[in-house]
Amino acid sequence: MFLTDCNIPGVDALQTSGEARRINPDMAVIIMTSFGTIETAVKAIRAGAYDYLPKPIDLEQLVVLINRISERQSLLRENASLREQLRERYAFEQITSTSHAMEEVMNMAGRVASSNATVLLRGESGTGKELIARAIHYHSPRASQPLIKVNCAALPETLLESELFGHEKGAFTGAAGKRIGRFEAADKGTLFLDEIGDIPLSVQVKLLRVLQEKEFERIGGNETIKTDVRLVAATNRDLEKAMKDGSFREDLYYRLNVVTVAIPPLRDRKEDIPALMEHFIRSTAWRTRRRSPV
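Throughout, residues of each chain are indexed from 1 in the direction in which the sequence is written. For this predicted model, a pLDDT threshold of at least 70 governs which residues receive local features, and a threshold of 80 or more governs which side-chain atom pairs are given and counted, while totals over whole chains, interfaces and linings are taken from all residues. Note that water and hydrogens are dropped before the side-chain values are worked out from all heavy atoms of the structure.

**A word on the nonpolar core**
Think of a nonpolar core as a cluster: buried Ala, Val, Leu, Ile, Met, Phe, Trp, Tyr and Cys residues, connected wherever their side-chain atoms sit within 4.5 Å. Relative accessibility thresholds used throughout: buried, under 20% of the residue-type maximum; exposed, over 50%; partly exposed, between the two (1.4 Å probe, protein chains only). Ranked by internal contacts, the top residues of the largest apolar core, which has 29 residues, are L164, F183, L191, L193, I196, L207 and L256. At the level of elements, β5 (147-151), α6 (157-165), β6 (190-194), α8 (201-213), β9 (230-235), α9 (239-244) and α10 (250-256) are the ones that each hand at least two residues to this core. Here a helix means four or more residues in a row that DSSP labels H or I, a strand means two or more in a row labelled E, and each is numbered from the N terminus. If you tally residues by element for this core, the top one is α8, at five residues. A contact between two residues is defined here by any heavy atoms of the two lying within 4.5 Å. What L256 contacts, discounting residues up to four positions off in sequence, is T118, V119, L120, I196, L211, L231, A233 and F248. Formed by 21 residues, the second largest nonpolar core is a distinct cluster that contains M102, V112, A113 and V261.

**Observations concerning the sheet that holds β6**
Whether parallel or antiparallel, the strands of a sheet pair through hydrogen bonds between backbone atoms. One bridge is not enough; two strands pair if DSSP finds at least two bridges between them. Strand order across the open sheet formed by five strands is β5-β6-β9-β4-β10, with parallel pairing between neighbours. Looking along the sheet, the strands with just one partner apiece sit at the ends: β5 and β10 (259-262). Between one strand axis and the next, the sheet turns by 15° as a mean value, whatever way the strands run. Here, axes are lines fitted to C-alpha atoms. For helices the fit covers the stretch in contact, and angles between N-to-C directions go from 0 to 180 degrees. Of the strands in this sheet, β4 (119-122), β9 and β10 touch helix α4 (residues 100-113), which is tilted by about 155° from β10. The strands that helix α5 (residues 129-138) touches are β4, β5, β6 and β9; relative to β4, the one it contacts most, it runs at about 155°.

**Here we look at the pattern of salt bridges**
The working definition used for a salt bridge is a side-chain nitrogen of Lys or Arg within 4 Å of a carboxyl oxygen of Asp or Glu. Here the structure, examined in full by the defined rule, presents 16 salt bridges. Between R142 and D228 there is a salt bridge, with the nearest N and O atoms lying 2.8 Å from each other. On the criterion of sequence distance, the pair formed by R142 in the loop between α5 and β5 and D228 in the loop between β8 (224-226) and β9 is long-range, its members being 86 residues apart. In this structure R142 comes out as buried when scored by relative accessible area, which is 9%. Among the salt bridges present, the one from E223 reaches R218, with a minimum N-O distance of 3.8 Å. Connected through shared salt-bridge partners, E168, E184, R218 and E223 make up one network.

**Section: the sheet that holds strand β2 (residues 29-33)**
Strand order in the open sheet made by the three strands is β1-β2-β3, with parallel pairing throughout. The open sheet terminates on both sides in strands that have one partner only, identified here as β1 (2-5) and β3 (51-54). Mean inter-strand twist for the sheet, computed between neighbouring axes without regard to direction, equals 25°. Pairing analysis gives four bridges linking β2 to β3, with the strands arranged parallel. Considered in β3, the bridge of I30 is made with D51.

**Concerning the packing of aromatic side chains**
Put simply, two rings from Phe, Tyr or Trp (the six-membered ring, in Trp's case) pair if the centres are within 6.5 Å, and we call them stacked under 30 degrees between planes, edge-to-face over 60, tilted for the rest. Considering all chains together, one arrives at four aromatic pairs under this definition. When the centroid spacing of 5.6 Å and the interplanar angle of 0° are considered together, the rings of F165 and F183 count as stacked. Taken together, the residues F165 in helix α6 and F183 in helix α7 (residues 182-185) connect sequence positions 18 residues apart. Ring geometry for Y253 and Y254: centres 5.1 Å apart, planes at 75°, overall edge-to-face. According to the relative accessible area criterion, Y253 is buried, its value standing at 7%.

**Structural notes on a nonpolar patch on the surface**
A cluster of nonpolar residues, L266, I273, M277 and I281, forms a patch on the protein surface that exposes about 310 Å² of accessible area. By the element assignment, I273 lies in helix α11 (residues 273-288). Residue I273 is classed as partly exposed on the basis of its relative accessible area of 33%. The patches described consist of residues with a relative accessible area above 30% and no salt bridge, like charges being joined within 9 Å and nonpolar side chains (Val, Leu, Ile, Met, Phe, Trp, Tyr) within 5 Å. Values of accessible area rely on a 1.4 Å probe in the Shrake-Rupley scheme; residue burial ignores everything except the protein chains shown.

**Quick notes on unusual backbone geometry**
With a phi angle near 75°, K188 is a residue other than glycine that sits in the positive phi range. Classification of K188 as partly exposed rests on a relative accessible area of 43%. Positioned with a positive phi, K214 is a non-glycine residue whose angle comes to about 60°. Mapped onto the fold, K214 is located in the loop between α8 and β7 (215-217). Judged by relative accessible area, which is 40%, K214 ranks as partly exposed.

The quantities given are spatial measurements derived from coordinates; they are silent on function.
And the structure:
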């Protein structure tokens, strides 16, 4: 915590507040001010100061403010610790593998994680596409923001559109209130669309627009909503074949296929089987509170 006064000769409260936060972005700055400089204190708060206190200082009010700041700092530290735990839990190194093929996959995913590029994960069911998607998110600049997941194959067309883009009250039968879609909820974070090859053509059109324009409207709404979402998609379908038979849009394919990470099936990396067996035995033993035989 940093306590300063607006009335110190030769000292600019705005500059002082900004300098303190430059040294430590989590620094809580409190401005002490007389009646005539309250406007300056308000400007300082808009510039990042935590609060201001009018003079003469009420010590009880100061103690309450210090306690509030202490609780805030404790929450910030706890959140930072939890984010670091998530980062460690979903680290690429935590993905069980000893094969060269998976090493190449994780190297590629690790390189693309620091960018905002759209990633398309391709591979058969059970190859670990969701694990790779999580690792990409938690090693990206968006790690402190939401990771939202949608299984596109698990929802019918009408529900999928509402799930992704939301809807307004009365947009359709059963729409009793406004619903925030996943694109809106994932703003500043990552949206993971699993089984994207199963999205109906009508939804593909709206998805293409979001990727191109970074905006959309809720179902039944006129308000254009801006969104800043990093998209990671996954599929086990042959999208090239789907384009040829007309079930997947070619323009959407090229929007999704910015960086492709192909995950090989286990039959092509049999050297991973012993490590995976040991991992599953240990995790099962931990869940059942039994002693692991390995």
